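Next come the chains, spelled out residue by residue.
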Amino acid sequence: MRGRTLITTGVIGAVLAAICCVTPLLVIVFGPVGLTAWLAKADYVLIPALILCLALIAFGLYRRRPHHG
């Protein structure tokens, strides 16, 4: 993958993971519908996903950097 693609993928993933980290708000919203049990372990997936996406951004930025040989 090219550096720009890695950065774009990482940014999109990081934004989605950050939005999903508002699980307390989601519990209030999903409570009346009965879906709060689904959110019980969401943080165990979202935090590593956020870290992985931030690593993708860093790797993409590293690859875009001009190398002087």
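Residues numbered from 1 in each chain as written. Predicted model: local features only at pLDDT ≥ 70, side-chain atom pairs only at ≥ 80, totals over all residues. Heavy atoms only, no water.

Here's the deal with the overall build of the protein
Let me state the cut-off plainly: By the criteria applied, helices consist of DSSP H or I runs no shorter than four residues and strands consist of E runs no shorter than two, each listed in order from the N terminus. We call two residues in contact whenever any of their non-hydrogen atoms come within 4.5 Å of each other. Accessibility throughout is a Shrake-Rupley quantity obtained with a 1.4 Å probe, and a residue counts as covered only by protein chains that appear here.
When its secondary structure is counted, the protein shows 3 helices and 0 strands. When the helices and strands of the protein are read in sequence order from the N terminus, they spell out α-α-α. Considering only contacts within the protein whose residues lie at least 6 apart along the sequence, 74% involve residues at least 24 apart. For the protein, the exposed area adds up to about 5300 Å²; of that, 73% sits on carbon and sulfur atoms.

Regarding the environment of Leu-54
To keep it simple, the criterion reads: Buried means the residue's accessible area, taken with a 1.4 Å probe over protein chains only, is under 20% of the maximum for its type, while exposed means over 50%, and partly exposed covers the values in between.
Tracing the backbone shows Leu-54 in helix H3 (residues 43-64). Leu-54 gets classed as partly exposed once you look at its relative accessible area, which sits at 46%. In this structure, the C-alpha to C-alpha distance between Leu-54 and Ile-7, residues 47 residues apart in sequence, is 9.0 Å.

Section: the confidence of the model for the protein
Quick note on the threshold: Note: pLDDT gives the predictor's confidence per residue, expressed from 0 to 100.
Of all residues in the protein, 78% have pLDDT values of 70 or greater, and the mean over the chain is 76. By mean pLDDT, helix H2 (residues 23-30) is the weakest element of the protein at 70, and H3 is the strongest at 81.

Regarding the environment of Leu-50
Along the chain, Leu-50 turns up in helix H3. It is 5.1 Å that separates the C-alpha atoms of Leu-50 and Ala-14, two residues lying 36 residues apart in sequence. Other than its neighbours up to four places away in sequence, Leu-50 contacts Ala-14, Ala-17 and Ala-18.

Focus: a nonpolar patch on the surface
Worth spelling out the cut-off: Residues qualify for a patch when their relative accessible area is over 30% and they have no salt bridge, like charges being joined within 9 Å and the nonpolar side chains of Val, Leu, Ile, Met, Phe, Trp and Tyr within 5 Å. Between Lys or Arg on one side and Asp or Glu on the other, a salt bridge is scored when a side-chain nitrogen of the former is within 4 Å of a carboxyl oxygen of the latter.
On the surface, Val-11, Val-15 and Ile-19 cluster together into a nonpolar patch covering about 240 Å² of accessible area. For Ile-19, the location among the structural elements is in helix H1 (residues 3-20).

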